Structures are given as C-alpha cells and as structure tokens.
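Inside the fold
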Amino acid sequence: MPLETEHVAQGPAVPRRPATLTPLALRSAELHPQSPLGRWQSLNAAATIPHCLENLEATGAVQNFRRLAEAGPEGPQGKFAGPWFADTDLYKTLEAIGWEIGRTGTATWNDLLAELATLMEKTQAEDGYLNTYVQGVEGEEPFAHPDYTHELYSAGHLIQAAVALHRGRQDRRFLQIATRLADFVAKLDDGEGNPIIDGHPEVETALVELYRETGEKDYLTAAERQIDRRGHRSLEPGRFGSLYYQDHLPVRENVEALGHSVRQLYLAAGATDVYLENGDESLLRAMEKLWDSAFGTKMYITGAHGSRHRDEAYGDPFELPPDRAYAETCASIAAFQWCWRMLLATGEARYAEEMERALFNGIAASTSHTGKAFFYSNPLQLRTGHEGSDEDSPSERLPWYGCACCPPNIARLIASLQGYVATGTETGLQLHLLHAGTYAAPGLSVTVETEYPYDGDIVLTAVGSGELSVRIPAWATGATAERGDNRLSLESGQYWRTEVEDGDQIRLTLPMPPTLVRADDRVDAVRGSLAVTRGPLVFAVEQADLPTGVLVEQLHLDPSAPITVERVTEDLTPVRLRLSGIARPLEPALYAPYSTGTATSEDSVSPTSIDFTAIPYSAWANRGPGAMRVWLPVL
Ligand SMILES: [Zn+2]
C-alpha cells in the first residue's frame, strides 16, 4: 500500500483531479460554535456519538468482532448478533469519530480506537476479507449471496471510516485494514472476468475516496468497474427484484430515480465521484438527467426522498403523500452527499440550494434536541390518533433501531458538516451555505456573522483578497449587498461574485418574509393545501401549539391573512409563525367518513376563527407525541 508522505488533511469528498470547485482543507473551515449548526456539531460529539457507541455495545455489534478476534481453538463462542450489516453501524460511527477528531483534536476515543483496531486486525482474514456476519455464521461463504449480504456495502463503510480517521488523526492502522480489504475487493471476480457487485451500492464512493487518500489508481479502477458492471442484472433478483438492487439498467441509461431510494442516491453519489476523477462526461450527463428526475419530480418540500414504504422506494413522479411519506433519514443524507459532488462538478447553485433544503429540514428533523433519539422515516403529516412508533411509523423519535443505519449516518455527516459550506483556491472563495463561521481558502478567508437560518442579515468580513462568490438562495427575492456607501441589488438563485480586499466588510440582507408555497397539481395528495416557509425553513403546525379542543385536522389556513414572525430566545424553535384561519368543527358521519354537499354548505356547523402557531418542521415531536402537518388546507 503506497501512502504519500505529503499530507494535507482533507474533508469529505475532495476530488484529486481539479474540479470546477475545490473544497477547503479539513481544518480551514469552522462553524461558529454558537451557531445552530455549530451547536449541533457539539451535541453530536457530546451526545450522539457516545449514544451510538453505547448502542453498538448493547446490540452486540462490537461483540461480533470480539467473539471472532478472541476465538480460541474451539472457535467463536456465542452467536452473531444483529442484522447482517451490523458492522456498518460501527464503521459509520468510527467515521464520525475520525471527522470529530479532525475538527477538534479530541483524544476522547483514543483507547477505544486502539481496542477496535486490534479487534479488526485480529478478525481480518489472511486474504484481507473482513465481515463479522459471513465470518461468524456457520455455512456462510464470502460473496455467496452478494444481492443481500451487504459485504461490499460493509467494506465501503469500513473504507470511509479509515479514510476519515486518516484525515482526522493520521491513523494508519485502520487505513491498513481498509486497504487490505480494498485490495481483496479490487480483485473480486465472478469467474468470467466481471467484478462482483453488491445489492446495496456504497463501495463506489468509498473506493474513490480511498484512491484520493492513497493515490493508488487500482481503487479508482475498481470503482469504475463497479459502476460499469451495475445494471446488467448480474445479481439474483430474488423477491425484491433488480430495481430494488439498482441492477435494472446500466448507470448511463438509468435516468429515472427508481427503486430503493438510499441505494439509488448512494449509487448516484458514487457515479459522480467516478466522473470527478476520470472525467467521463457520459456519467455526468446521466447524473444530470437522473438528478432532474429525483429532485424535479420525486422530492418532498423538506428535501426528503422516497415516498413508498414498500421496498423503501421512490414512487411515481409526483407521488408524494405527506402522511405516508417514507422519507428515510439516510436518503436525505445521501441526497445531500450527491448534491455536494454535483456542485463540485458543475458549480451550479441549484445543487447547493438542495443541500440547504435537506439539511435544515429533512435531515434536521431526524434528530431530537437531546441528540439521542432519531427518526428513520420522516413523514410530513401525523394524524390525531396515530398509534405506534416503530421504524417506519413514527409518532416519536426512537433511541435506536433494529436496522440502525440512520443514527450513525447522522453522526458522520454532522461531524464533517463544516467541510460542505465553502470551497476555494488561491484566487477566491465560494460560500455555498450561508452559516456563521470562518472559511479560509489559501488566498482569501471570510468570517460570516449571522443568525441564519433564522435571520437573513449576514455580515461578511474578508481577510486577504480575491474573488468572493456568495450563493443568493432562490427564495431571496430583493436581496441586497452593502459595502461602504454602495448598495447593490442581487439576483436570487445564483452566485453573486465580487472582488474583495483585506478588511472589506459586506452586509448582505436576504429578505425572509413568511411565504406560502403550493405544490404542483400532480402532487394530488396535497392539492388545495399550502405549506408555509421562511427562508430555507419549512414550517409545520403541531398539536402541542393548539388550544385544548382544537385538533390539527380542523385547521384551514386563510391565505389572505398576514403572517406574523415571532423571534424567541429559545433553542428549540427560535422562530415561530402566527397564522390565521378557521377551525372547522368535525361533523360525525353516520357510519362512513363521507357526506353530501360541500364542507362550506349552510347546514354545516359554523367554523370559528383562530390564530395558530407554526414551528420549524425540524423541531417537531420534541414535546411528546402528537399530530402534525406541513401542508395546510386553505379556506
Ligand atoms: Zn437509514
């Protein structure tokens, strides 16, 4: 394994080949510790990562390694615990730790890392293979069932953990384990000269990241071979079918987002990674078409993806029911990661726009204010009387899941979040997410002071000189920039570019009026309803904010009434909206929930006028279970 000696620690997904945009080095971006995202990073380190580690012990994911590593002549004692992909939840948590060490230099987990590295070194087979399910369950053989065993998915997460730990703490033990496994993976062959692919894409991105970290071209070649092989129905379709495994169409021909949404989005991120390194334009063209399908016709207003519970899958275009939204947390994270890669490839504002939507809504809603409870599925409506809180039917966030993919996925994203805010080179800096912090390109550093996303006033202070690009969000109509006596109107939905000198201060004002949003008519499930947004935030009405005796289901919004913005000094919901409308009495039906006439007919019971509160969707379900809705019927 050749390892380059010159090493500037990088953040996530930094292309080796020059791309349109160049991410900042790992320690060149810092979110302000008191900003919403900075505080989330602290919570992630103090609560979420330790919580993940506790649950990985409690559910046996660590023990799976221990029993194999410590196996004496009698063989391993006890049974394999958890789902066959249990290793990956440990790997994702290790990735989070790698990024967290890179961010803060913490030594909190040094002993744990040493113990886990030893366990993995002992568990890893002579040939480099490592998977505690296949190695620890009698009768299983490596790659006997690549459709369901997640062996390459698992390898991918180990590789990504090792890359993060190498970037974060120069850790070579995990990188050594990962490269031995990757060398094994790169040589995998189905007996006819084809690579073996996995039912769950993920290893593609990981192999490209390993190539970036080590400079070893074989890993990029292995990723290219994975992408080229997929879609030729080489996997046993089984009961889920080829679509579920993303094996139904070659990647360059697959231009509609279909099948299992997380697999679809991981595959897209991996294909974009391959494009970023080999410049194969046919891949980028296919990804642009696929992106249009996923984000143009199949995305929730919260930035979530995947509307069907069955197969955790994308639905038809515009099939976006708010109550039955599957909207897996991992899909929002995968969408964020794919958009980052598309942004680096093209520099187009729409990709950063969608990262922001997902981050402040779909992803932010996944985690409780304690950092220790999580949604797997993220519906946009919960009815009064909804019972239960299992994986895909939530009324509250759960501390852990039988399929625990989401919590450690959140941990690894949040620990590396500062790496996704800005890009830059010697000649300039580009701000993609407008968040308080300091972002330093080699020639130009900018400090951002703002209470964004709760407020649209942003002060930028330059150290050094060069071209500064700032993304003006698509919703920011009427945005202005002031520098000294100059005041400029800015176009929304694109980057504003300006030359800055050392010490320059620019005041950006992004107007954030509450805004009513309607869905395309083809989103039948919410026809006749409106959602309320302010800046990048989607709002929701929750039962906890309604007076006794009024149910969420009774509310009808008056779209002509003014909406008041309330700023409060409260962590959970620093901004609330006051809306007006009516509460329509619920009329008991005789034996079925249908009646003749219209809801406004004279013989119906009179509605009462009501003012009611909406909170950021991301904050819902932090005050006990209760009904909630994003889309409000109008008067
Ligand atoms: Zn998940």
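Residues numbered from 1 in each chain as written. Predicted model: local features only at pLDDT ≥ 70, side-chain atom pairs only at ≥ 80, totals over all residues. Heavy atoms only, no water.

1. As for the overall build of the protein
Tallying secondary structure elements over the protein gives 14 helices and 21 strands in all. Here the C-alpha atoms of the protein give a radius of gyration of 25 Å, agreeing with the 26 Å that 2.2 N^0.38 yields for 635 residues. Taking the principal axes of its C-alpha atoms as reference, the protein extends roughly 80 × 70 × 45 Å. Out of the 635 residues in the protein, the part that is buried amounts to 60%. Across the protein, contacts joining residues at least 24 apart in sequence account for 68% of those joining residues at least 6 apart. If you sum the accessible surface of the protein, you get close to 24300 Å²; carbon and sulfur atoms cover 48% of it. Once the 53 positive and 87 negative side-chain charges of the protein are each reduced to a mean point, those two points are 1 Å apart. (Helix = DSSP H or I, 4+ residues; strand = E, 2+ residues; numbered from the N terminus. Rg over C-alpha atoms; globule rule 2.2 N^0.38 Å. Buried < 20%, exposed > 50% of the residue type's maximum accessible area, 1.4 Å probe, protein only. Contact = heavy atoms within 4.5 Å. Areas by Shrake-Rupley, 256 points an atom, 1.4 Å probe, with all protein chains shown as cover. Lys, Arg positive; Asp, Glu negative; His and termini not counted. Charge placed at Lys NZ, Arg CZ, Asp CG, Glu CD.)

2. Focus: the nonpolar core
In terms of nonpolar packing, the biggest core is built from 178 residues, with Leu94, Met120, Phe174, Trp338, Tyr439 and Leu460 touching the most fellow members. It is helix α12 (residues 329-346) that contributes the most residues to this core, 13 residues altogether. Non-local contacts of Leu94, meaning those with residues more than four positions away in its chain, are made with Leu113, Leu116, Met120, Ala161, Leu165 and Phe174. In this structure, Ala327, Ala519, Tyr617 and Val630 belong to the second largest nonpolar core, which totals 23 residues. (Core = buried A, V, L, I, M, F, W, Y, C linked by side-chain atoms within 4.5 Å.)

3. Here's the deal with the packing of aromatic side chains
Counting across every chain of the model gives 20 aromatic pairs. Here the aromatic rings of Trp84 and Phe85 are separated by 5.7 Å at their centres, their planes lie at 80°, and the arrangement is edge-to-face. For Phe85, a relative accessible area of 12% puts it in the buried group. Put simply, the rings of Trp291, Phe295, Trp338 and Tyr351 pair up and form one aromatic cluster. Over the ring of Tyr211 we find Arg16, and its NZ or CZ is 5.6 Å from the ring centre. If you follow Arg17 out to its NZ or CZ, it ends over the ring of Tyr275, 5.8 Å from the centre. (Phe/Tyr/Trp six-rings, centres within 6.5 Å; stacked < 30°, edge-to-face > 60°. Lys NZ or Arg CZ within 6 Å of the ring centre and 35° of its normal.)

4. Examining the coordination of the zinc ion
Bound to the zinc ion are the protein donor atoms Glu328 (OE), Cys330 (SG), Cys405 (SG) and Cys406 (SG), situated 2.1 to 2.3 Å from the metal. Its 4 donor atoms give the zinc ion angles of 96 to 116° at the centre, a pattern that matches the tetrahedral case. Donor residues for the zinc ion, ordered by position in the chain, follow E-x1-C-x74-C-C. Of this pair, Cys330 sits in helix α12 while Cys405 is found in the loop between β2 (381-382) and α14 (406-415), placing the two residues 75 residues apart along the sequence. There is no split in this pair, since Cys330 and Cys405 are both buried. (Donors = N, O, S within 2.8 Å, 3.2 Å for Na, K, Ca; no water. Tetrahedral: all angles 85-135°; square planar, octahedral: opposite > 155°, others 65-115°.)

5. With respect to the packing of helix α11 (residues 281-297) against helix α13 (residues 349-363)
In the contact formed by α11 and α13, the axes pass within 13 Å of each other and the chain directions differ by 40°. Judged by the inter-axis angle, α11 sits oblique to α13. The two elements α11 and α13 meet at a crossing, and its hand is left-handed. Only Arg350, Tyr351 and Glu354 of α13 make contact with α11, whose side of the interface consists of Glu288, Trp291, Asp292 and Phe295. Of the residues in the contact of α11 with α13, the class split is 3 nonpolar, no polar and 4 charged. (Axes fitted to C-alpha atoms, helices over the stretch in contact; angles between N-to-C directions. Parallel < 35°, antiparallel > 145°, perpendicular 65-115°, else oblique. Left-handed = near helix turned anticlockwise from the far one by under 90°. Nonpolar A, V, L, I, M, F, W, Y, C, P; charged D, E, K, R; others polar.)

6. As for the sheet that holds strand β9 (residues 480-483)
Taken together, 7 strands build an open sheet; the order of strands is β1-β5-β6-β7-β12-β9-β10 and the sheet is antiparallel. Unpaired on one side and paired on the other, β1 (29-31) and β10 (486-489) mark the two borders of the sheet. Pairs of neighbouring strands in the sheet enclose a mean axial angle of 20°, with direction left out of account. As paired elements, strand β5 (residues 437-440) and strand β6 (residues 444-450) share 4 bridges and run antiparallel to each other. The residue of β6 that forms the bridge with Ala440 is Ser445. (Pairing = 2+ DSSP bridges.)

7. Describing the packing of helix α2 (residues 61-69) against helix α3 (residues 86-104)
Taken N-terminus to C-terminus, the directions of α2 and α3 make an angle of 105°; their axes are 8 Å apart at the nearest point. When the axis of α2 is compared with that of α3, the two are roughly perpendicular. Facing Ala61, Val62, Asn64 and Phe65 of α2, the residues of α3 in contact are Ala86, Asp87, Leu90 and Tyr91. Its residues assigned to classes, the contact of α2 with α3 comprises 6 nonpolar, 1 polar and 1 charged.

8. Observations regarding helix α1 (residues 36-58)
If you check α1, its first and last C-alpha atoms are 31 Å apart, about what 23 residues at 1.5 Å a residue would give, namely 33 Å. The largest bend in α1 is about 45°, located at Asn44. Directly after α1, the chain includes Gly60, whose backbone phi takes a positive value near 95°. (Expected span 1.5 Å × (residues − 1). Bend = angle between axes of the 7 residues up to and from the residue.)

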